[in-house]
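Architecture and fold: a report
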Amino acid sequence: MEIWINPACSKCRSAIDLLDEEGAAYTVRRYLEDVPTPDEIRKVLDRLGLEPWDITRTEEAAAKELGLKEWARDAGPRDRWIGALAEHPKLIQRPIITADDGTAVVGRTEEAVRDALGRG
């Protein structure tokens, strides 16, 4: 199991605390420092079953500068969205937990983190 975190994020810290309480084995990826490549973002999106706009923090300053709210949300600009996430990793919703069974969750709630734990 791997968890993508921003240490300054309270939701990330809560997820880590819960994983620790449950004795889960996981690795931490500080994705603002170890920025995911476009291919890694595509793989995580596949595991999540989501599209890039589903995991984009559209209220961030970079999102507003890019005008992301105006971008189409369909297959045409999908790679453009992924490129924006790779160039501006702060736009990626967090924490993202990749489970050993090949799935992933956005662990913003205790329920979502527990779901990831149940997937191994």
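The sections below set out a description of the structure shown in this document.

Calculation notes
- Residues numbered from 1 in each chain as written.
- Predicted model: local features only at pLDDT ≥ 70, side-chain atom pairs only at ≥ 80, totals over all residues.
- Heavy atoms only, no water.
- Core = buried A, V, L, I, M, F, W, Y, C linked by side-chain atoms within 4.5 Å.
- Buried < 20%, exposed > 50% of the residue type's maximum accessible area, 1.4 Å probe, protein only.
- Helix = DSSP H or I, 4+ residues; strand = E, 2+ residues; numbered from the N terminus.
- Contact = heavy atoms within 4.5 Å.
- Phe/Tyr/Trp six-rings, centres within 6.5 Å; stacked < 30°, edge-to-face > 60°.

Bringing the nonpolar core into the picture now. By size, the foremost hydrophobic cluster in this structure holds 20 residues, and its most contacted members are Ile41, Leu48, Ile55, Leu68, Leu85, Ile92 and Ile96. Looking at this core, the elements with two or more residues in it are helix H2 (38-48) and helix H4 (78-87). Per-element accounting of this core gives the leading share, five residues, to H4. When sequence neighbours within four positions are dropped, the list of residues in contact with Leu85 reads Ile41, Pro52, Ile55, Thr56, Leu91 and Ile92. Counting 14 residues, the second-largest nonpolar core is a separate cluster that includes Cys9, Ala15, Ile97 and Ala116.

Attention shifts here to the packing of aromatic side chains. Taken as a whole and assessed by the stated rule, the structure comprises three aromatic pairs. Measuring from ring centre to ring centre gives 5.4 Å for Trp71 and Trp81, while their planes differ by 80°; the resulting arrangement is edge-to-face. Taken together, the residues span a long stretch of sequence, with Trp71 in the loop between helix H3 (61-66) and H4 and Trp81 in helix H4 at a distance of 10 residues. Taking relative accessible area as the criterion, Trp71 reaches 10% and is therefore assigned buried. Residue class for Trp81 comes out buried when judged on its relative accessible area of 1%. Within the aromatic cluster, the residues linked to one another by ring pairs are Trp53, Trp71 and Trp81.

Attention shifts here to unusual backbone geometry. Residue Pro95 follows Arg94 across a cis peptide bond; omega there is -10°. Residue placement: Pro95 occurs in the loop between H4 and strand S3 (96-98).

So yeah, pure geometry; function would need other evidence.
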